[in-house]
Amino acid sequence: MLPLHPVTIPSSVSDTLETDSTKLEDVDSLEGSASDGMEHIFNSSTQLRYGRDLRLNEVRRLLCSARPVSIQTPANPTASDQDFQQTQLWHLAQRTTALPFGRGAFTLGTICTLLTEALAVPKLVLAGRLPAQQNAMVNLDPNIRNIQELKSWPEFHNAVAAGLRLSPLQGKMSRTWILYNKPDEPNVTHAGLLLALGLHGHLRVLTITDIFQYYSLEHESTTVGLMIGLAASYRGTMQPSISKSLYVHLPARHPSSFPELELPTLIQSAALISVGLLYEGSAHPQTMQILLSEIGRRSGGDNVLEREGYAVSAGFSLGLVALGRGQDAIGYIDTLVDRLFQYIVGKELHSDRLHLFSSSADEHNRSTGQIIDGNLVNIDVTAPGAIIALALMYLKTESELIVSRLPIPQTQFELQYVRPDFVLLHVIARNLIMWSRIRPSEDWIQSQVPEVVKNGVKGLGNEMEDIYEVDVEALVQAYVNVVVGACISLGLRFAGTRDANAQELLYKYAVYFLNEIKPVCVSNCNGLPKGLSVYVDRGTLETCLHLIVLSLCVVMAGSGHLQTFRFLKFLRNRSSADGHAYFGTQMAVSLAIGFLFLGGGTWTFSTSNSSIAALLITLYPRLPTGPNDNRCHLQAFRHLYVLATEARWIQTVDVDTGLPVYVPVEVTIKETDLYNETSFCEVTPCSLPERAILKAVRVCGPRYWPQVIELCPEEQAWWNSGDKNHPFNSGVLYVKRKVGACSYVDDPIGSQSLLSRAMHKMSATTQPKSCSPSTECTGEVTVDQLVSTFSSDPSLIAFAQLFCDSSSTTRSELDFQEFCLQVLFECVSKDRPAMLQVYLSLYATIGYMVDSFVSDTCTSSDTLSLSSLKIAVAYNEAVSNGRLTNLRGGIVQSAFLGSLKKRIEDILNSCPDMNSQLCAYITSGEWPTNNNNNNNANKSRTFLSWYLQWYSVASPLDIKTVANKIRRDNICPSVALLRLVFPSTHISAIGALNRYYSSFKVED
């Protein structure tokens, strides 16, 4: 594990983002001991990502639901003020119950829990405090509202947020740990934890016995969380045992002999979406037939009001099963499509071919209370699910045929017979199918609006005759829904890309809708119709505004974009102040904040088919009206965005220090239909583009050694953490800092990293000082400070402090200090700190030889150091002569080696009696003997051994063999001849051998 040092950030913050509503209730701080589930978000990575920016602190404050909220009231309240407190607290409770949605996204995958401890879930506090009355606590009046019912599903989402904190790096979760967290009595907290674990893929460890034990509890939230979690963990596998457990919760699929079960529609809806996740992308014919029949299934009993939610779940499920495979799915695909269009347009179902998709369970209507629809289809119930199913089935297929059958009304007559929210779904479906035609431009959005609608809204704000009042209202409703549908399509198309054009466009329309609700700022929305609020109710405009904001944050996911964040803060405070803080809009703002800081800024969204489907389920444009509203869309589905996330986060770590650092990188993406092959620069830590378009990542800049990672773009998901083939080592890229350069944290502008400046200071320190030692020189730069300019290695800095200071007095100490200064600069300037020991070893070898030559004593003989020096000299000569190639030159400085070589030869050639001792060694192989002077004998033997080793003198046996041959063949010895006989012997030793052989010849 990397030695990453955590950074402590104070938890008490103030409002750093100025808005027009800073005087409202958001003045509470994070002080206190209660855990809010976000205290772990501050670490070295986030500190490096945001620096001194307090955005994360502000997000933590906004998403905190574990402390009482502040209520602004007079110091001396009256009875009417107390009623006002309850009303205000009720509005704030709507917001508090929606906060877990955003907190789950904000803390996604940011901690690793201990498997020996239970998971801590922060509290969900709906109480308030009164700063004007010494922070007195105020609770919701239980006589007015049912508090437990209000907190039922919010507690579920609160547990989901706590479970989503677990990082995928945790690896395989222990079955024992999951069961250890299981309470004695089922509750919504453990149900939410099961869903979170399933979204992370951890429920695979549960056995089928464990699963049915959970089902046997007959707890609604637990069943919903477990089913969706299991389907997410086994997504796309069609696991038979899991499939059977899901179909048990669909009474419509039970045979007539099966015991009748009364299951809430909520559980059945969860079972439907779970089947879709389990069979995702399989195009399983039988499953498609079952899900198709469920879209139009007649319902009875107590689920009449939830029919649309059930049909929408069946539509999503059908779309997931045939995700992107509408043109190649096996089976009666044409008949299936015809049946879906029947559900959209509402024609009678009488075709024999369509009868193939009828449900056998529908023919055995065992429920006594049925709604009689006859042969007609109730499109108010079936159309949304059918449109969504077609959109996902033909996702990115560019099918002109399907798009032509999903038209947008082109005449005023058609507008009278189509629900405006269906127009929104039509726009989304058409754009998801024609994926490549989505463009982040104003012209593209306006091209989505029919001409009749454009012409009808041009004159808004002018006086119009009453006879056109109804028509104008239909036109404006259509215009609003078409624009919002186009914005949602834009958000899905550029999800997680942080595209600047898409961001500017979506932000423009968000401000436009905000001003249409209530003018608050001057915006550049020229050309857009004014006065929408006259013909559209505020609730619809609020929903449209928040859907656009959600789409904006999907595009900017994980970026922490400051302008967008300010806008979100304004929306959050504005809703509270204006009294329009119903649960759906607050949930949208909370989710938007979480998306903008997804995983603390380390996660983002993908645009794969599976990811787009998960995001579409999350962004389904029907916001709930209250914390327990699951009629049109199950709230648990809002957490499925987790399946669309990818950890494309990359941070660079200094290989020497092990700490994360800023490094500029150049990212290259391949050519697409929107742009040519492009390269752009980022500063780590940052998020990379998707794997489908990423071609290369190159470390650039002058401070770190360059490296290039070449990739082959392919339509696959991002690499999983811990994958051996992960090119970025699970999000960590190790870099090596160049010498003469400081990190960007220590030296942001590069003024301390200039090599010339460092050399100037170094040369200044080696010059004689103009002031006396006792005089203090202000502004003096020490050697260790200069070394820190090049390297942060503590051993080098310590060496500079110990051996390069100015406390030397003797000549030898001054010489050694000067040598250390020169060698230290040589090593750090060439990024070879390990060579410092080599230089010192060679210097010590020469020093020992000089001391032995000058003194009369020689304690020991170190021939290994002499061998090392000899190897270094030979290598340097080979590099200089071109026999070896080294792009960085010699390892040890050539001039230094040359001086050492000359010094050794001078010492060896100046030794007294060396010739006589060498002749004695050659003749008899004897070493100098002890002639009543042991010290001299040791010294003679030492120097003789140095001579033989340095000059590579042959052994006495080889020399005698050559002498015998010369004598036998009567050859006249010469230097040239001996050079051929002894090729490895130095020329100085060859001369001594020549003299020996010549004297031997004369004697003969």
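In what follows, the structure referred to is the one given above.
Summary of the structure given here. Not measured: the values here are computed from a predicted model.

Turning to the overall build of the protein, a few remarks are in order. Scanning the protein from terminus to terminus reveals 38 helices and 13 strands. Burial statistics for the protein: of 1004 residues in total, 53% are counted as buried. Considering only contacts within the protein whose residues lie at least 6 apart along the sequence, 76% involve residues at least 24 apart. Counting only carbon and sulfur atoms, one obtains 52% of the accessible surface of the protein, whose full area is about 44,400 Å².

So, about the sheet that holds strand 11 (residues 694-699). Hydrogen bonding along the main chain pairs the strands of a sheet, whether they run parallel or antiparallel. Spatially, four strands are ordered 9-8-11-12 in an open sheet, and the strand pairing comes out antiparallel. In this open sheet, the two edge strands, each paired with only one partner strand, are strand 9 (678-684) and strand 12 (707-710). For this sheet, the mean inter-axis angle between neighbouring strands, taken without regard to orientation, is 20°. Where strand 8 (residues 663-669) and strand 11 come together, five bridges link them in antiparallel fashion.

In a regular helix each residue adds 1.5 Å, so 18 residues correspond to 26 Å; helix 4 (residues 147-164) covers 26 Å between its end C-alpha atoms and thus fits that length. The largest bend in helix 4 comes to about 35°, at Trp-153, with the proline Pro-154 one to four residues further on.

Before going further, it helps to spend a moment on the sheet that holds strand 2 (residues 128-130). An order of 1-2-3 is seen for the three strands of this open sheet, with the pairing classed as mixed. Of all strands in the sheet, those bounded by a partner on one side alone are strand 1 (69-70) and strand 3 (136-138). Pairing of strand 2 with strand 3 involves three bridges; the strand directions are antiparallel. Pairing of Arg-129 across the sheet is with Met-137, part of strand 3.

This structure, assessed with the given rule, holds 19 aromatic pairs. Residues Tyr-704 and Tyr-744 carry aromatic rings whose centres are separated by 6.4 Å and whose planes lie at 20° to one another, so their mutual orientation is stacked. With a gap of 40 residues between them, Tyr-704 in the loop between strand 11 and strand 12 and Tyr-744 in the loop between strand 13 (732-735) and helix 27 (755-766) connect regions that are remote in the sequence. Each member of the pair, Tyr-704 as well as Tyr-744, carries the same accessibility label: buried. By way of ring pairs, the aromatic residues Tyr-50, Phe-106, Phe-565 and Phe-597 are connected into one cluster. We note Lys-182 situated over the ring of Tyr-214; from NZ or CZ to the ring centre the distance is 4.5 Å. In this arrangement the basic side chain of Lys-396 is found over the ring face of Trp-435, its NZ or CZ atom lying 4.7 Å from the centre.

So, on to the environment of Thr-668. Examined against the element boundaries, Thr-668 turns out to sit in strand 8. Among the residues examined, Thr-668 registers a relative accessible area of 12% and is labelled buried. As for Thr-668 and Lys-695, which are separated by 27 residues in sequence, their C-alpha atoms are 5.4 Å apart. For Thr-668, the residues in contact, after removing those within four places along its chain, are Glu-677, Thr-678, Ser-679, Ile-693, Leu-694, Lys-695 and Ala-696.

As a further point, take unusual backbone geometry. Cis geometry is found at the peptide bond from Thr-684 to Pro-685, where omega equals 0°. Within the secondary structure layout, Pro-685 lies in the loop between strand 9 and strand 10 (686-687). Phi angles above zero are rare outside glycine, and Ala-283 is one such case at about 55°. Tracing the backbone through its elements, the reader meets Ala-283 in the loop between helix 10 (265-278) and helix 11 (285-295). In this structure, Glu-398 is a non-glycine residue whose phi angle is positive, near 60°. Looking at the element boundaries, Glu-398 is found in the loop between helix 15 (379-393) and helix 16 (400-404).

On to helix 9 (residues 240-247). Among all positions in helix 9, only Ile-242, Ser-243, Ser-245, Leu-246 and Tyr-247 are buried. Along its buried surface, helix 9 packs onto helix 7 (208-216), helix 8 (220-233), helix 10 and helix 11.

Ranked by internal contacts, the top residues of the largest apolar core, which has 198 residues, are Leu-340, Phe-513 and Phe-595. It is helix 21 (residues 469-493) that contributes the most residues to this core, 15 residues altogether. With residues up to four places along the chain from it excluded, the contact list for Leu-340 reads Leu-292, Ile-295, Leu-318, Ala-386, Ala-389, Leu-390 and Met-393. Among the nonpolar cores identified, the runner-up in size contains 56 residues, and Ala-800, Cys-820, Leu-900 and Ala-989 belong to it.

Helix 15 packs onto helix 12 (residues 307-321) with a crossing angle of 15° between their chain directions and a minimal axis gap of 7 Å. With respect to helix 15, the axis of helix 12 lies roughly parallel. Where helix 12 crosses over helix 15, the two elements pack in a sense that is right-handed. On helix 15, the residues that touch Arg-307, Glu-308, Ala-311, Val-312, Gly-315, Phe-316, Leu-318, Gly-319 and Leu-320 of helix 12 are Asp-380, Val-381, Thr-382, Pro-384, Gly-385, Ile-388, Ala-389, Leu-392 and Met-393. Of the residues that constitute the contact of helix 12 with helix 15, the class distribution is 11 nonpolar, four polar and three charged.

Moving on to the packing of helix 6 (residues 188-199) against helix 8. To describe two helices that pack against each other, one gives the angle between their axes and the distance between the axes. Packing of helix 6 against helix 8 brings their axes to within 7 Å, and their N-to-C directions diverge by 10°. With respect to helix 8, the element helix 6 is oriented roughly parallel. Of the residues in helix 8, those in contact with Val-188, Ala-191, Leu-194, Leu-195, Leu-197, Gly-198 and Leu-199 of helix 6 are Ser-221, Thr-222, Gly-225, Leu-226, Ile-228, Gly-229, Ala-232 and Ser-233. Among the residues forming the contact of helix 6 with helix 8, the class breakdown is nine nonpolar, six polar and no charged.

Counting through the fold element by element, Asn-57 comes out in helix 2 (residues 55-62). Overall, the relative accessible area of 3% leaves Asn-57 in the buried class.

Moving on to the environment of Leu-323. With respect to the helices and strands, Leu-323 occurs in the loop between helix 12 and helix 13 (333-345). For the pair Leu-323 and Gly-276, spaced 47 residues apart in the sequence, the C-alpha separation amounts to 9.6 Å. Residue contacts for Leu-323: discarding those within four places in its chain leaves Glu-280, Gly-281, Leu-392, Met-393, Leu-395, Asn-609, Ser-610 and Ala-613.

Scoring rules and cut-offs
- Residues numbered from 1 in each chain as written.
- Predicted model: local features only at pLDDT ≥ 70, side-chain atom pairs only at ≥ 80, totals over all residues.
- Heavy atoms only, no water.
- Helix = DSSP H or I, 4+ residues; strand = E, 2+ residues; numbered from the N terminus.
- Buried < 20%, exposed > 50% of the residue type's maximum accessible area, 1.4 Å probe, protein only.
- Contact = heavy atoms within 4.5 Å.
- Areas by Shrake-Rupley, 256 points an atom, 1.4 Å probe, with all protein chains shown as cover.
- Pairing = 2+ DSSP bridges.
- Axes fitted to C-alpha atoms, helices over the stretch in contact; angles between N-to-C directions.
- Expected span 1.5 Å × (residues − 1).
- Bend = angle between axes of the 7 residues up to and from the residue.
- Phe/Tyr/Trp six-rings, centres within 6.5 Å; stacked < 30°, edge-to-face > 60°.
- Lys NZ or Arg CZ within 6 Å of the ring centre and 35° of its normal.
- Core = buried A, V, L, I, M, F, W, Y, C linked by side-chain atoms within 4.5 Å.
- Parallel < 35°, antiparallel > 145°, perpendicular 65-115°, else oblique.
- Left-handed = near helix turned anticlockwise from the far one by under 90°.
- Nonpolar A, V, L, I, M, F, W, Y, C, P; charged D, E, K, R; others polar.

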